[in-house]
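What the coordinates show
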Amino acid sequence: MDALPRGTYYLPETMTNWPWLRAINPHFEDMKVEVDASFRDIKALSPESQEAFDKCDFEVLRIGCDLNNVYFIVDEYTDIENAAVIKEMLDSMLNALHNPHKTRPEGECILGEIVRQFWARAIQTASPSSQRHFIENFTTYLSALILEATDREQGQCRSINDYLKLRRDTSAIKSALAICEMEMELPDEVFYHPIIVDLVNCITELCLIDNDMISYNREQATGDKNHNLITAIMMELGLDISGAMAWAASYHAGVQKRFMGGLAQVPSWGPSVDVLVQEYLDGIAIWARALHCWGFESQRYFGTKGPDIQKTRLVPLLPKIKCKDASAVAGVSVADLSKIMHHEQPSGVLRFGLSSPPD
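Structural notes, computed from the coordinates.

Rules behind the numbers
Residues numbered from 1 in each chain as written. Predicted model: local features only at pLDDT ≥ 70, side-chain atom pairs only at ≥ 80, totals over all residues. Heavy atoms only, no water. Helix = DSSP H or I, 4+ residues; strand = E, 2+ residues; numbered from the N terminus. Buried < 20%, exposed > 50% of the residue type's maximum accessible area, 1.4 Å probe, protein only. Areas by Shrake-Rupley, 256 points an atom, 1.4 Å probe, with all protein chains shown as cover. Expected span 1.5 Å × (residues − 1). Bend = angle between axes of the 7 residues up to and from the residue. Axes fitted to C-alpha atoms, helices over the stretch in contact; angles between N-to-C directions. Parallel < 35°, antiparallel > 145°, perpendicular 65-115°, else oblique. Left-handed = near helix turned anticlockwise from the far one by under 90°. Contact = heavy atoms within 4.5 Å. Nonpolar A, V, L, I, M, F, W, Y, C, P; charged D, E, K, R; others polar. Core = buried A, V, L, I, M, F, W, Y, C linked by side-chain atoms within 4.5 Å. Phe/Tyr/Trp six-rings, centres within 6.5 Å; stacked < 30°, edge-to-face > 60°.

Looking at the overall build of the protein chain
Counting secondary structure elements, the protein chain contains 15 helices and 2 strands. Evaluated residue by residue, the protein chain yields a buried proportion of 55% over its 359 residues. In the structure as shown, the protein chain presents an accessible area of about 15,500 Å², 53% of it carried by carbon and sulfur atoms.

Points about helix H10 (residues 194-222)
Look at H10: 39 Å from first C-alpha to last across 29 residues, which is about the 42 Å you get at 1.5 Å a residue. A bend of about 55° at Tyr216 is the largest found in H10. Burial within H10 is extensive, with 26 of its 29 residues counted as buried. Following H10 by one or two positions, Gly223 adopts a phi angle in the positive range, close to 80°.

A few points about the packing of helix H7 (residues 160-170) against helix H11 (residues 229-237)
Where H7 meets H11, the closest approach of the two axes is 9 Å, and the angle between their N-to-C directions is 165°. Comparing the axis directions of H7 and H11 gives the class roughly antiparallel. Pair H7 / H11 crosses with right-handed handedness. Across the interface between the two elements, Ile160, Tyr163 and Leu164 of H7 pack against Leu229, Ala232, Ile233, Glu236 and Leu237 of H11.

Concerning the packing of H10 against helix H12 (residues 241-263)
Remark: H10 packs on H12, axes separated minimally by 9 Å, with the N-to-C direction vectors making an angle of 160°. By the angle class used here, H10 and H12 are roughly antiparallel. By crossing handedness, the relation of H10 to H12 is classed as left-handed. For the pair H10 and H12, contact is made by Ile195, Asp198, Leu199, Asn201, Cys202, Ile203, Glu205, Leu206, Ile209, Asp210, Met213 and Tyr216 and by Ile241, Met245, Ala248, Ala249, Tyr251, His252, Val255, Gln256, Arg258, Phe259, Gly262 and Leu263, respectively. Looking at the contact of H10 with H12, its residues break down into 16 nonpolar, 4 polar and 4 charged.

Description of the nonpolar core
Counting 64 residues, the largest nonpolar core has Trp18, Phe134, Leu142, Ile203, Phe259, Tyr280 and Ile284 as the members making the most contacts within it. Core analysis: the next-biggest nonpolar cluster, separate from the first, contains 25 residues, Ala244, Trp294, Tyr301 and Val315 among them.

A closer look at the packing of aromatic side chains
Enumeration according to the criterion identifies 16 aromatic pairs in this entry. Note on Trp18 and Trp20: the rings are 4.9 Å apart at their centroids and 45° apart in plane angle, and the pair reads as tilted. As far as burial versus exposure is concerned, Trp18 and Trp20 are alike and both buried. Between Tyr71 and Tyr141, the aromatic rings sit 5.6 Å apart at their centres with planes inclined by 85°, giving edge-to-face as the arrangement. Highlighted residues: Tyr71 in helix H3 (residues 62-78) and Tyr141 in helix H6 (residues 128-154), separated in sequence by 70 residues. What makes Tyr71 buried here is its relative accessible area of 0%.

Below, the structure written as structure tokens:
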């Protein structure tokens, strides 16, 4: 590779050989208007955060759009709080998840009501088995956020293996994949079969690797880089940014190979179940493609430069930004990434997060 321009690093392509291609649901634009209007009515974000949110396009229909909004706002609130405060927030969300038709207590953090509204709508469509699977994985995701907050408070950077173990949960991918089975009854013998479990784990890792590679620049700029695979690689293996990116891309290729090999070993449960399994596995494979595309197209990580960076793979390293302390309850402001990519001063705190396609 030729020498890189000063102050840039190379972002390797990871999805060139992934068989599932980018596609947009034909009903996306109409549904986006409805979902965004509903979310805006909640008034959970500061004006700057809402402006940044409005720049994002969520590529699934109503339940998926609603769930992505949940992940967005959970990340927005929990990314700046300590473990004790987050524990209170998570307790309210779990209570709302188990009591979707119960009015939330006055004065409670808005997260409880957001989750309640999402789940009250979702269970009208979601199959009983998908509901169980979502609650199980969403609970794991929320619990992992407390561990992430503890690491943040202590300034801890985990080893690669320890980080991946936690990140598989904080990424929220497994709970997000419930969207792919919302309208089907996948028997537990299928959902928890070792081969299916490993295929889901593969997709989870593909998503988190891509997300961490794409989000690294923003996170190193804001001082929030410790919960990122690239940082873990750099610390453990003594690599620079480009070297760590190359290592992550190689690991990503290995996970892709494992997924394709696993597909060939999926057993048969009979014609009526097999067609559901095929639909589910196609769905989770498409999720990996969608998250990768979203990272470049949403303006979340690269501002308006996403399409250019996706072509050139050259990322200008952002300058460090002083992020003032902010209470999520009081409102979190968000920097305009397009300004930062043009080397202008940010208008506020750069805290624009969504896990998977949970951060």
